[in-house]
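Results of the structural survey
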Amino acid sequence: MSEFLPKEVREELESARKETKRRRSRMVVRVGDEDFTILRHWEGGFALDVADAPGLRGLVDLYDGGRHLCQALIVASAEADGERVFEVKRTTPAAGAAPAADFVRDRPEPSGLLPRN
């Protein structure tokens, strides 16, 4: 059915579809100080709009709204249907607190010190 529509109408429909995906998605990939909206996300990767996304490589951070999900290592990307598809080699889940010590302490450390006058 889309073959019967003029080219301009098909392009506008495609841009409206992408904009709807962008508005619905809360997931964001952060590289340095820049954020890019994730259109699709799955276990082994994610997809960004090809017009907005540069060729990303290396470590990136994935967020769901304001919540830090994980840090991912991107190893490859390809373009398909107006999306840039990124493959993820590994992910490291984000922890809310520092890891606990993996050894026994001889004596407890003070939580704070008072200054001497």
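In this text, all values refer to a predicted model and were calculated from it rather than measured experimentally.

Some points on the confidence of the model for the chain
Confidence in the prediction for the chain averages 81 pLDDT; 91% of positions are at 70 or higher. Of all secondary-structure elements in the chain, the lowest mean pLDDT belongs to helix α1 (residues 7-24), at 73, while strand β4 (residues 58-64) reaches the highest, 90.

Concerning the side chain of D61
Mapped onto the secondary structure, D61 falls in strand β4. Lacking a salt bridge, the buried D61 has R30 as its closest oppositely charged neighbour, with an N-O distance of 6.7 Å. Here the side chain of D61 touches H68 through a polar contact of 3.3 Å, side chain to side chain. Those residues in contact with D61, other than ones at most four positions away along the chain, are V28, V29, R30, H68, C70 and Q71.

Some points on a nonpolar patch on the surface
A surface patch of nonpolar side chains, about 230 Å² in accessible area, is lined by L5, V9 and L13. Structurally, V9 can be placed in helix α1.

Description of the packing of aromatic side chains
Across all of its chains, the model carries one aromatic pair by this definition. Against the face of Y63 rests R30, its NZ or CZ located 4.4 Å from the ring centre.

Let's talk about the pattern of salt bridges
Think of it this way: side chains of opposite charge can pair up when their charged atoms draw near. A full pass over the atoms with the stated rule returns four salt bridges. Across the salt bridge formed by R40 and E83, the nearest N and O atoms sit 2.9 Å from each other. Residue R40 is found in strand β2 (residues 34-42), and its partner E83 is found in strand β6 (residues 83-93); the two are separated by 43 residues along the sequence. We classify E83 as buried; its relative accessible area is 6%. The residue R67 makes a salt bridge to D64 at a minimum N-O spacing of 3.8 Å.

Quick notes on the rules
Residues numbered from 1 in each chain as written. Predicted model: local features only at pLDDT ≥ 70, side-chain atom pairs only at ≥ 80, totals over all residues. Heavy atoms only, no water. pLDDT = per-residue confidence, 0-100. Helix = DSSP H or I, 4+ residues; strand = E, 2+ residues; numbered from the N terminus. Buried < 20%, exposed > 50% of the residue type's maximum accessible area, 1.4 Å probe, protein only. Lys, Arg positive; Asp, Glu negative; His and termini not counted. Salt bridge = Lys/Arg side-chain N within 4 Å of Asp/Glu carboxyl O. Polar contact = N/O pair within 3.5 Å; in protein donor to acceptor, adjacent residues only side chain to side chain. Contact = heavy atoms within 4.5 Å. Patch = residues over 30% accessible without salt bridge, like charges linked within 9 Å, V, L, I, M, F, W, Y side chains within 5 Å. Areas by Shrake-Rupley, 256 points an atom, 1.4 Å probe, with all protein chains shown as cover. Phe/Tyr/Trp six-rings, centres within 6.5 Å; stacked < 30°, edge-to-face > 60°. Lys NZ or Arg CZ within 6 Å of the ring centre and 35° of its normal.

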